[in-house]
Amino acid sequence: MTTTETTTTVRFFAAAQEAVGHDALRSDAATVGVLKQELLAEHPALTGILPRCAVLVDGARVDDDFALAAASTVDVLPPFAGG
């Protein structure tokens, strides 16, 4: 992922953070779908995790066509067990 003036912060939690090896990265992906493709290409360990993750943009769940803006924060949240 390249860094430009219009970057998005991508934060990872739990197993996603472990798979990526960082708690956050920067991306200039235009949409959530492109971001997911880039993440899978650059971090193959996400292959079994990312499809099960909730992806939130600025706190809201969105679809893959959602356009990312410079101010966006994307959270990648694997399923959590609890109770």
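For the structure itself, consult the block above.
What comes next concerns the included structure. (Residues numbered from 1 in each chain as written. Predicted model: local features only at pLDDT ≥ 70, side-chain atom pairs only at ≥ 80, totals over all residues. Heavy atoms only, no water.)

1. With respect to helix H2 (residues 32-42)
In step 1: Restricting attention to buried positions, one finds in H2 the residues Val32, Gly33, Leu35 and Leu39. Looking straight down H2, one finds its buried side chains confined to an arc of 160°; they lie on one side. Across from the buried face of H2, at angles greater than 90 degrees, the exposed residues are Gln37 and Ala41.
In step 2: Against strand E1 (8-12), strand E2 (24-27), strand E3 (54-57) and strand E5 (73-77) lie the buried residues of H2. (Buried < 20%, exposed > 50% of the residue type's maximum accessible area, 1.4 Å probe, protein only. Helix = DSSP H or I, 4+ residues; strand = E, 2+ residues; numbered from the N terminus. Arc of directions from axis to C-beta. Contact = heavy atoms within 4.5 Å.)

2. Here's the deal with the sheet that holds E3
In step 1: Ordered in space as E2-E1-E5-E3-E4, the five strands form an open sheet in which the pairing is mixed. Each having just a single partner strand, E2 and strand E4 (60-61) make up the two edges of the open sheet.
In step 2: Relative to E5, E1 runs parallel, the two being bridged by four bridges. Looking at the pairing, arginine 11 lines up with aspartate 75 of E5. (Pairing = 2+ DSSP bridges.)

Function cannot be read off these values alone, since they describe shape.
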